[in-house]
Amino acid sequence: MTKRTELCPVETTARILGGRWRAAVLEQLFQDVKRFSELKRAIAGITQRALSQQLRELQSAGIVERTVYPDTPPRVVYAVTPLGKSLRPLLDAMCHWGKSHSAAMTLKKLRASDRQH
């Protein structure tokens, strides 16, 4: 039997937020409860399959909840759980860092591409 090692807290957080689309999905759900089609329209470039998978994974992590209303046809909405809401300051900090360092990162990419030519 293999002994399971505990993940460090940073790795745990990275596993929950990792991936190309999770932050975008959460950003939309921080604004309001949304239906699948609303999320799909709001997140440019995401495929139906990717959105579905991200929502399932966030739901299994307890970050997002899915509610089915017994209307005709059934209506399904997604919302951030209280645990998911606790990620808001972290995503805000990541957004701030990205904005304040984007010019430096762009300049670095330009310099690297100049060296390759």
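Heads up: these notes are all about the structure in this document. Because the structure is a prediction, the values reported are computed rather than measured. (Residues numbered from 1 in each chain as written. Predicted model: local features only at pLDDT ≥ 70, side-chain atom pairs only at ≥ 80, totals over all residues. Heavy atoms only, no water.)

Let us now look at the overall build of the protein chain. Per the secondary structure count, the protein chain includes six helices and three strands. Going from the N terminus to the C terminus, the protein chain shows its helices and strands as α-α-β-α-α-β-β-α-α. Its C-alpha radius of gyration of 18 Å places the protein chain more than 25% over the 13 Å reference for a compact globule of 117 residues. Viewed in the frame of its principal axes, the protein chain has a C-alpha envelope of about 60 × 45 × 25 Å. (Helix = DSSP H or I, 4+ residues; strand = E, 2+ residues; numbered from the N terminus. Rg over C-alpha atoms; globule rule 2.2 N^0.38 Å.)

Among the secondary structure elements, Ile-43 is positioned in the loop between α3 (36–42) and α4 (48–60). Judged by its relative accessible area of 6%, Ile-43 falls in the buried class. For the pair formed by Ile-43 and Val-25, sequence separation is 18 residues and the distance between their alpha carbons is 7.4 Å. The contact partners of Ile-43, leaving out residues within four places of it in the chain, are Trp-21, Ala-24, Val-25 and Gln-28. (Buried < 20%, exposed > 50% of the residue type's maximum accessible area, 1.4 Å probe, protein only. Contact = heavy atoms within 4.5 Å.)

We now examine the packing of aromatic side chains. As enumerated under the stated definition, the model contains zero aromatic pairs in all. Stacked on the ring of Tyr-69, the Lys or Arg Arg-75 has its end atom at 4.2 Å from the ring centre. (Phe/Tyr/Trp six-rings, centres within 6.5 Å; stacked < 30°, edge-to-face > 60°. Lys NZ or Arg CZ within 6 Å of the ring centre and 35° of its normal.)

Bridge count between strand β2 (residues 64–69) and strand β3 (residues 75–80): six bridges; the pairing is antiparallel. Residue pairing for β3: Tyr-69 is matched across the bridge by Arg-75. A loop of five residues connects β2 with β3, the two strands running antiparallel in sequence. (Pairing = 2+ DSSP bridges.)

Moving on, we get to the environment of Met-105. Structurally, the position occupied by Met-105 is in helix α6 (residues 88–116). The exposure class assigned to Met-105 is partly exposed, which follows from its relative accessible area of 37%. Beyond its immediate sequence surroundings of up to four residues, Met-105 is in contact with Trp-97 and Gly-98.

Bringing the nonpolar core into the picture now. Grouped together as the largest cluster of nonpolar side chains are 20 residues, with contacts concentrated most on Val-25, Leu-26, Leu-29, Leu-55, Val-64 and Tyr-78. With near-sequence residues (within four places) excluded, Leu-29 lies in contact with Lys-34, Leu-39, Leu-55, Val-64, Tyr-78, Ala-79 and Val-80. (Core = buried A, V, L, I, M, F, W, Y, C linked by side-chain atoms within 4.5 Å.)

With that settled, consider the environment of Leu-55. Structurally, Leu-55 is set in helix α4. Along the backbone, Leu-55 and Glu-65 are 10 residues apart, and their C-alpha atoms lie at a distance of 8.7 Å. For Leu-55, the contacting residues outside a window of four places in its chain are Val-25, Leu-29, Phe-36, Leu-39, Val-64 and Tyr-78.

This part is about unusual backbone geometry. The omega torsion of the bond from Thr-72 to Pro-73 falls at -5°, within 30 degrees of zero and hence cis. Residue placement: Pro-73 occurs in the loop between β2 and β3.

Turning our attention to the sheet that holds strand β1 (residues 34–35). As summarised here, the arrangement of the three strands in space is β1-β3-β2, forming an open sheet in which the pairing is antiparallel. Each edge of the open sheet is held by one strand with a lone partner, namely β1 and β2. Here helix α2 (residues 22–31) sits on the sheet in contact with β1, β2 and β3, set at roughly 100° to β3. (Axes fitted to C-alpha atoms, helices over the stretch in contact; angles between N-to-C directions.)

Distances and angles like these do not, on their own, reveal function.
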